[in-house]
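# Observations on the model geometry
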Amino acid sequence: MKKVLFSMMLVVLIILSAGCITTSDETLSITNSDGTTTDISGEAERIVLLNSNAGEILYLLGDADKVVGISQSIKNNAEQAKLYPNAQVIGAWNEPDVEYLISLDVDLVIGYATSKPKNAEVLAATNIPVVYIDCTKHQTMESDIIEVGKIVGKQKEAEEIAEYYASVMEQVEAAAKLQPEHPTVYAESYTAWYGQGTDTGMGQMITLTAGQNIMTDTGSKKLSDEWVVTENPEIIIKLVNSMDTAEEALTELKERRGFNRISAVEDGNIWLIRNDLTYGPRACVAAVALFQMEYPDAEFSLTAKGVLEEFNEKFGTDFDTKNITYPAL
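Now for a description of the structure that goes with this document.

Conventions adopted
Residues numbered from 1 in each chain as written. Predicted model: local features only at pLDDT ≥ 70, side-chain atom pairs only at ≥ 80, totals over all residues. Heavy atoms only, no water. Phe/Tyr/Trp six-rings, centres within 6.5 Å; stacked < 30°, edge-to-face > 60°. Lys NZ or Arg CZ within 6 Å of the ring centre and 35° of its normal. Salt bridge = Lys/Arg side-chain N within 4 Å of Asp/Glu carboxyl O. Helix = DSSP H or I, 4+ residues; strand = E, 2+ residues; numbered from the N terminus. Buried < 20%, exposed > 50% of the residue type's maximum accessible area, 1.4 Å probe, protein only. Patch = residues over 30% accessible without salt bridge, like charges linked within 9 Å, V, L, I, M, F, W, Y side chains within 5 Å. Areas by Shrake-Rupley, 256 points an atom, 1.4 Å probe, with all protein chains shown as cover. Lys, Arg positive; Asp, Glu negative; His and termini not counted. Charge placed at Lys NZ, Arg CZ, Asp CG, Glu CD. Polar contact = N/O pair within 3.5 Å; in protein donor to acceptor, adjacent residues only side chain to side chain. Pairing = 2+ DSSP bridges. Core = buried A, V, L, I, M, F, W, Y, C linked by side-chain atoms within 4.5 Å. Contact = heavy atoms within 4.5 Å. Axes fitted to C-alpha atoms, helices over the stretch in contact; angles between N-to-C directions. Parallel < 35°, antiparallel > 145°, perpendicular 65-115°, else oblique. Left-handed = near helix turned anticlockwise from the far one by under 90°. Nonpolar A, V, L, I, M, F, W, Y, C, P; charged D, E, K, R; others polar.

The next subject is the packing of aromatic side chains. This model, assessed by the stated rule, comprises 9 aromatic pairs. Among the aromatic residues, those joined into a cluster by ring pairs are Tyr59, Tyr164, Phe311, Phe315 and Phe319. Residue placement shows lysine 116 over the ring face of tyrosine 132; its charged tip is 4.7 Å from the ring centre. A cation over a ring is seen here: arginine 282 above phenylalanine 319, with NZ or CZ 3.7 Å from the ring centre.

Another aspect to go through is the pattern of salt bridges. What the rule picks out here adds up to 17 salt bridges. The residue aspartate 34 makes a salt bridge to lysine 116 at a minimum N-O spacing of 3.6 Å. Of this pair, aspartate 34 sits in the loop between strand S1 (27-31) and strand S2 (37-41) while lysine 116 sits in the loop between strand S8 (108-111) and helix H6 (120-124), and the two are 82 residues apart along the sequence. Notably, a salt bridge pairs lysine 150 with glutamate 147, separated by 3.2 Å at the nearest N-O pair. Of this pair, lysine 150 and glutamate 147 both sit in helix H7 (residues 138-151), separated by 3 residues, roughly a single helical turn. Using a relative accessible area of 21% as the deciding quantity, one classes lysine 150 as partly exposed. The exposure class of glutamate 147 is buried, given its relative accessible area of 10%. A cluster of three or more residues bridged by salt bridges with shared partners is formed by Glu56, Arg274, Asp276, Arg282 and Asp320.

Here we take up a negative patch on the surface. Together, Glu142, Glu157, Glu160, Glu163 and Glu170 make up a region of like negative charge exposed at the surface. Top element by residues in the negative patch is helix H8 (residues 155-177). It accounts for 4 residues. Along the polypeptide, glutamate 163 turns up in helix H8.

Turning our attention to the environment of asparagine 77. Residue position: asparagine 77 is located in the loop between helix H3 (72-76) and helix H4 (78-81). Considering only alpha carbons, one finds asparagine 77 and threonine 218, 141 residues apart in sequence, at a separation of 27 Å. In this structure the side chain of asparagine 77 is engaged in a polar contact, spanning 3.0 Å, whose partner is the backbone nitrogen of glutamate 79.

All right, on to the pairing of strand S14 (residues 235-240) then. Of all 6 residues in S14, 6 are buried; the element is thus mostly enclosed. Across 4 bridges, the pairing between strand S10 (residues 184-188) and S14 is parallel. From the neighbouring strand, glutamate 188 faces S14, where its bridge partner is lysine 238. Strand direction decides the pairing type here: S14 and strand S15 (residues 270-274), joined by 5 bridges, are parallel. Within S15, the position partnered with isoleucine 236 by the bridge is isoleucine 270.

For S10, the buried fraction is high: 5 of the 5 residues fall into the buried class. Neither face of S10 is exposed, since Thr184, Tyr186 and Glu188 on one face and Val185 and Ala187 on the opposite face are all buried. Two strands pair when backbone bridges link them, and S10 and strand S12 (residues 212-213) are joined in this way by 2 bridges, in the parallel orientation. The residue bridging valine 185 from the neighbouring strand is asparagine 213, located in S12.

Another aspect to go through is the nonpolar core. Judged by nonpolar contacts, the single largest core of 70 residues is most densely connected at Tyr84, Ile110 and Ile151. When residues no more than four places from it in sequence are discounted, the contact partners of tyrosine 84 are Leu49, Ser52, Gly55, Glu56, Ala64, Val67, Ile70 and Ile74. Within the second largest apolar cluster, 20 residues are counted, among which are Tyr186, Trp193, Ile236 and Phe259.

In helix packing, the relevant descriptors are the interaxial angle and the interaxial distance, both defined with respect to the helix axes. Between H7 and H8, whose axes approach to 7 Å, the crossing angle comes to 165 degrees. Taken together, the axes of H7 and H8 are roughly antiparallel relative to one another. Crossing angle aside, the handedness with which H7 passes H8 is right-handed. Taking contact as the criterion, the partners of His138, Met141, Glu142, Ile145, Ile146, Gly149 and Lys150 in H7 are, on H8, Gln155, Ala158, Glu159, Ile161, Ala162, Tyr165, Ala166 and Met169. The residue makeup of the contact of H7 with H8, split by class, is 9 nonpolar, 3 polar and 3 charged.

Now for the environment of serine 189. With respect to the element layout, serine 189 can be found in the loop between S10 and strand S11 (194-196). The spacing of serine 189 and valine 172 is 17 residues in sequence and 22 Å in space, taken between C-alpha atoms. Contacts of serine 189, omitting those with residues within four sequence positions, involve Tyr194, Gln196, Lys238 and Leu239. Side-chain polar atoms of serine 189 contact the backbone nitrogen of threonine 191, separated by 3.1 Å.

Okay, structure coming up:
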C-alpha cells in the first residue's frame, strides 16, 4: 500500500514539473472491449502498446510509426517487435513503468480490457488516457478493430479490415452448421495444461466452427492429464509461439501420460497452431484452420493458407504463410 501511495505521489510530482498538458478541441469517445468508454483529446500521435493484437491493427493501418513504447513481451516476440523499430520498452504489459511513460511524452496507452495493469490506478493519476481494447475475442473483434481505427483517424480503413475478417468468419460459421457431425475439441494455450474455456478467443472459435469444447468453464484454466484423458477429445489443438521446435512440442503432447488412449492421438488429429494467428484481425485464418481440422472431408472453398495469402495481398503485409499449423494442413 505504501509503495502504491509513494508511486502516485511521485507521478503527480513529475506531472507538475512537466507543465500543462496540451489538449485538442476535438474529443473522441472510444468504446473499450468491456463496454466502458474512454475520452481522448483528438487523434493519438504517440502511443504505447501493452496489447500486441491492437498494435497489429495500427500496423495494418500504416500507423506503426506512432508507437513510441511497447511492452517487454512484445519486444521478446521477433515477429511483433519488428513492426515497431522505433519503440522503446516500457516494462511489463501488466505493469508498465509509469515514470518512463511520462518521459516519452505519451498521449495514449492501449491495454487489455480483460487484464488491466496492476498499477492501473497509478497510470490513471498521470492523466494519460488508457483505452482497453482486447482484439482477442470473436464477439468484439469487429468493433475492436474499428475503435483502434478511430484512435488514429482511420475508421474507414479499419472498417475494411473488420469487413474482411467478418466475411471469412461468416463463411466458416455457415459451412460448419451444415456438417452432420461436430467433434469434441481440447484447446490448450502455449502454457502446458491450460485449457481454453468457452469465452476465450479459442473457445469462441470452437463455438463458431460448431465444435464441442470439452472445457465448458470460462477463462483459461489449468487441467489435469487424467481429466483430459477421461474427456477423450477427438481433436487436440495447442497454441505455440513459434514453430522452431514444432516436432518436439508435438511429441511432448503425444507422450503425455495416458494420451495414447485419446481418440485425437490415435487418429492423428493433434495439431499445433501459431499463437499470433489465433488473436487479432488474422484470427479468421485460425478459424479456417480449425474448420479444416474438424471437417477434413468437407467441401469448402477456403483454406487457412489461402486466406492468409489473400490477407497479405489485400493489406500489403508479408506474414508467414508456410508455418500456420504443424503438421501442415
